[in-house]
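# Structural features, examined
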Amino acid sequence: MIERWIILAAEEAGPVSNKMGGIWNVVDAEATTLARLVAKGELDSEFRILVVGPNYPTAGSDWNTGRNRVTDISALNRLDMGEELALTLAELNSLGMESVTGQRVEESVPIGYVLFNTNYYQSRLVRWKDREMTLNNAIKTEAFDLLGLDSMRFEKEHYGWEYNHYLNLSYAVSELVRILAQSPEESTKKYADKAVVEFARSVMPRVRASLHCHEFGIFYAAARLEKLGIPVRTLCTFHATVPGRTAGYRSLEKIRKNDSKMEPGTPLGFVALEALARYADGVTFVGDSTMKEAMLFYRMKGVVIRNGIDVRGDRIDWNKKERCRARIQDFIINNLYKNCEGSCPERENIIPVFSISRIEIENKGYPQLLDALVLQDHLLRHRMMGQRHADQTRVVCFLIASHGPKSKDKLPEGFPINLPIEVLLGDEIRLENMINDRRLNKDELISGRRSVAAVLYPQWLGPNDGGLGMRTDEVMAGCVAGIFPSQYEPFLLTALEAGREGTPSIVSRSAGFSDALKKVEHRVPGLGGVVVVDNIELQPQETVMDYALALDYFSRTYLEDDVKYRLLCEESFSLARQFSWDQPVMEYYKNLTV
């Protein structure tokens, strides 16, 4: 009898409270989809799913002080996945690696969670080769012996706390997998008689473990298991590369020139951890550009397994779209035009669009987006002389980007249209200044000098965000279009999330999503539900013009041709459905169980 385990590990793995970016969605989707495929009989039911990540028990325990995550497992049930795992966790605890655990069920298939708090590893004393030292020092010493990791050098850098966290978490993950994989062997050592040992081994289930490491913070786990000779199948997935992310929008040029020199400021400790993926049994990338970066910087090969999205329904929820759009339009009118005297635009002529991303101004293409909005304003004004609705049309683009969540109590009424500078910090201030420099602020819209405005929304969206009070999916559903002009984007899950709500979008060619689009079927010829703008080969001014024309195309179609606009929405939804998680998760499964 063989007992199989698939362990999914990541810095963001765990309950939703551990979410810091899109990788949480990927790990959660992989676990959920594996369970559904088992429930449908499409995968062998004789394996168990375990999600492993960090535990941040209190405020301030997260290395990411801006996000300041606090892990909440209250929604999980008690972990109950067999004696082998229980014994493994007990042994880990005896070695100084405590964990919190939980379990949830997806279509009758259990998904287990094991979460490690690594903060106390720098104070917990252990015996290492007959010497007493902290657990963290023991981990660093072994990492140097096994793989030459110069942790003493890296921990002195500005990212030292984060580096130590990744190394400690990877060690805990690898120890969990090692002990679990060797549990039958270890449990027979208590017998002195060799014949009894052999008999016990013959009747006990054999454990086959597979470890899927998402992103560089966990790659040391796969490398350590390989160096220790533990019979575990390992897979490392790159969602980006460290040197590529540092180079940002310049990475495409570096690939074209075959320039493997890393940019100044590249965190070499993270590079050292990322390079350890070469010790895994398999390496995957979420997009073609990420694979090219790994080839350039690490001479590392692998396969592309795209990201996906979970679309539960088989049709667009038009009632939701209309309800959310009306709510956004009313919010704009009530906060922008509350004091107008008879010259307020009609609700149906307010066109809300959005962009949502990390606040990486150059990488996410915000200069190009703002320039495109200026051009769209000119297109609208030149059309006013002859076309219906043109003189009444107002386009409001929400730029949803923030350094972190803000307390609702500290936000003014009418946020984010009412946005005092005191609320902003860092690049939020810079982005707001860029809006003002281009005269795309609300005052220009109210006065009628502009027909297009950009509204910075520096907040994590949610029912209690102090602004629209809407979830991300509701904002996406209510907007006429989304625009994602990234100069550097390994994949672009947000475009798929917009498509799930039936919202058309504009994406840059440099996003990994645009490569994946070439392999799916389109329902509307020409400019369809997802418009790809070339920001690689075109001149910069041509790229900006194409963004403006695409925005104008969706805006005009929404106002003047309801049937065609619905077709565009249907195509964006159809494309999202074609990006189901089933195929990529099946590919992951095959790589993990070779």
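Quick look at the structure, then. Because the structure is predicted, anything quoted here is derived from the model rather than measured.

Parameters at a glance
Residues numbered from 1 in each chain as written. Predicted model: local features only at pLDDT ≥ 70, side-chain atom pairs only at ≥ 80, totals over all residues. Heavy atoms only, no water. Pairing = 2+ DSSP bridges. Helix = DSSP H or I, 4+ residues; strand = E, 2+ residues; numbered from the N terminus. Axes fitted to C-alpha atoms, helices over the stretch in contact; angles between N-to-C directions. Contact = heavy atoms within 4.5 Å. Salt bridge = Lys/Arg side-chain N within 4 Å of Asp/Glu carboxyl O. Buried < 20%, exposed > 50% of the residue type's maximum accessible area, 1.4 Å probe, protein only. Expected span 1.5 Å × (residues − 1). Phe/Tyr/Trp six-rings, centres within 6.5 Å; stacked < 30°, edge-to-face > 60°. Core = buried A, V, L, I, M, F, W, Y, C linked by side-chain atoms within 4.5 Å.

Across the sheet, six strands lie side by side as β13-β12-β11-β14-β15-β16; this open sheet has parallel pairing. Two strands close off the open sheet at either side, each with one partner strand: β13 (452–457) and β16 (530–533). Within this sheet the neighbouring strands show an average axis-to-axis angle of 25°, counted without direction. Where strand β14 (residues 481–484) and strand β15 (residues 505–508) come together, three bridges link them in parallel fashion. Counted as the bridge partner of Gly482 is Ser505 from β15. Across the sheet, helix α13 (residues 318–336) touches β11 (350–356) and β12 (394–400), and the angle it forms with β11 is around 105°. Of the strands in this sheet, β11, β12, β13 and β14 are in contact with helix α14 (residues 366–383), which crosses β12 at around 175°.

Ordered by their spatial adjacency, eight strands build an open sheet running β3-β4-β2-β1-β7-β8-β9-β10, and the pairing between neighbours is mixed. The strands lining the two open edges of the sheet, one partner per strand, are β3 (99–106) and β10 (303–304). In the sheet, strand β9 (residues 282–285) pairs with β10 via two bridges, with the strands oriented parallel. The partner of Phe285 across the bridge, within β10, is Val304.

It is possible for side chains of opposite charge to pair when their charged atoms get near one another. Counted according to the given criterion, the structure contains 40 salt bridges. As a salt-bridge pair, Glu362 and Arg430 come within 2.3 Å of each other at their nearest N and O atoms. Placement of the pair is Glu362 in the loop between β11 and α14 and Arg430 in helix α15 (residues 427–437), with a sequence separation of 68 residues. For Glu362, a relative accessible area of 29% puts it in the partly exposed group. The class for Arg430 is partly exposed, based on a relative accessible area of 35%. In this structure, the salt-bridge partner of Glu444 is Arg449, at a minimum N-O distance of 3.0 Å. Taking the relative accessible area as the measure of exposure, Glu444 reaches 10% and is therefore buried.

Quick look at unusual backbone geometry now. The peptide bond linking Phe415 to Pro416 adopts the cis configuration, its omega dihedral lying at 5°. You can see Pro416 is positioned in the loop between β12 and α15. Even without glycine at this site, Glu107 takes up a positive phi of about 50°. Residue position: Glu107 is located in the loop between β3 and β4 (109–116). Unlike most non-glycine residues, Ser108 shows phi in positive territory, near 70°. Assignment of secondary structure puts Ser108 in the loop between β3 and β4. Taking relative accessible area as the criterion, Ser108 reaches 70% and is therefore assigned exposed.

A few words on helix α5 (residues 160–181). Compared with an ideal rise of 1.5 Å per residue, which puts 22 residues at 32 Å, α5 spans 31 Å between its outermost C-alpha atoms and is within 8% of the ideal. Taken across its 22 residues, α5 has 21 buried, putting it largely inside the fold.

On to the packing of aromatic side chains, then. Applying the stated rule across the entire model yields 15 aromatic pairs. Geometrically, the ring pair formed by Phe216 and Phe270 is tilted, given 5.0 Å between the ring centres and 35° between the ring planes. Here Phe270 lies in helix α11 (residues 268–275) and Phe216 lies in the loop between β7 (206–214) and α8 (219–228), a separation of 54 residues in the sequence. Side by side, Phe216 and Phe270 carry an identical accessibility label, which is buried. On the numbers, 5.3 Å between centres and 40° between planes, the contact of Phe238 with Phe285 is tilted. Taken together, the residues span a long stretch of sequence, with Phe238 in strand β8 (residues 233–238) and Phe285 in strand β9 at a distance of 47 residues. Owing to a relative accessible area of 0%, Phe238 belongs among the buried residues under this scheme.

Here we take up the nonpolar core. Membership of the largest hydrophobic core comes to 119 residues, with the highest contact counts inside it found for Leu34, Phe354, Leu370, Leu373, Phe398, Leu399 and Phe513. Those residues within four positions of Phe513 in sequence are excluded, and the remaining contacts are Phe491, Leu492, Ala495, Leu496, Val507, Val530 and Phe579. Counting 71 residues, the second largest nonpolar core, distinct from the first, contains Trp63, Met81, Leu85 and Leu149.

Turning our eyes to something else, we now look at the environment of Val242. With respect to the helices, strands and loops of the structure, Val242 is situated in helix α9 (residues 242–247). The class of Val242 is buried, set by a relative accessible area of 7%. In this structure the C-alpha to C-alpha distance between Val242 and Leu273, which are 31 residues apart in sequence, comes to 9.7 Å. Those residues in contact with Val242 that sit more than four places away from it in its chain are Phe216, Thr266, Pro267, Phe270, Val271, Glu274 and Tyr298.

Another point: α14. An ideal rise of 1.5 Å per residue puts 26 Å on 18 residues; α14 measures up with 26 Å between its terminal C-alpha atoms. Among the residues making up α14, those that are buried are Tyr366, Pro367, Gln368, Leu369, Leu370, Ala372, Leu373, Val374, Gln376, Asp377, Leu380 and Arg383. Contacts made by the buried residues of α14 are with β11, β12, α15, β13, β14 and α20 (540–560).

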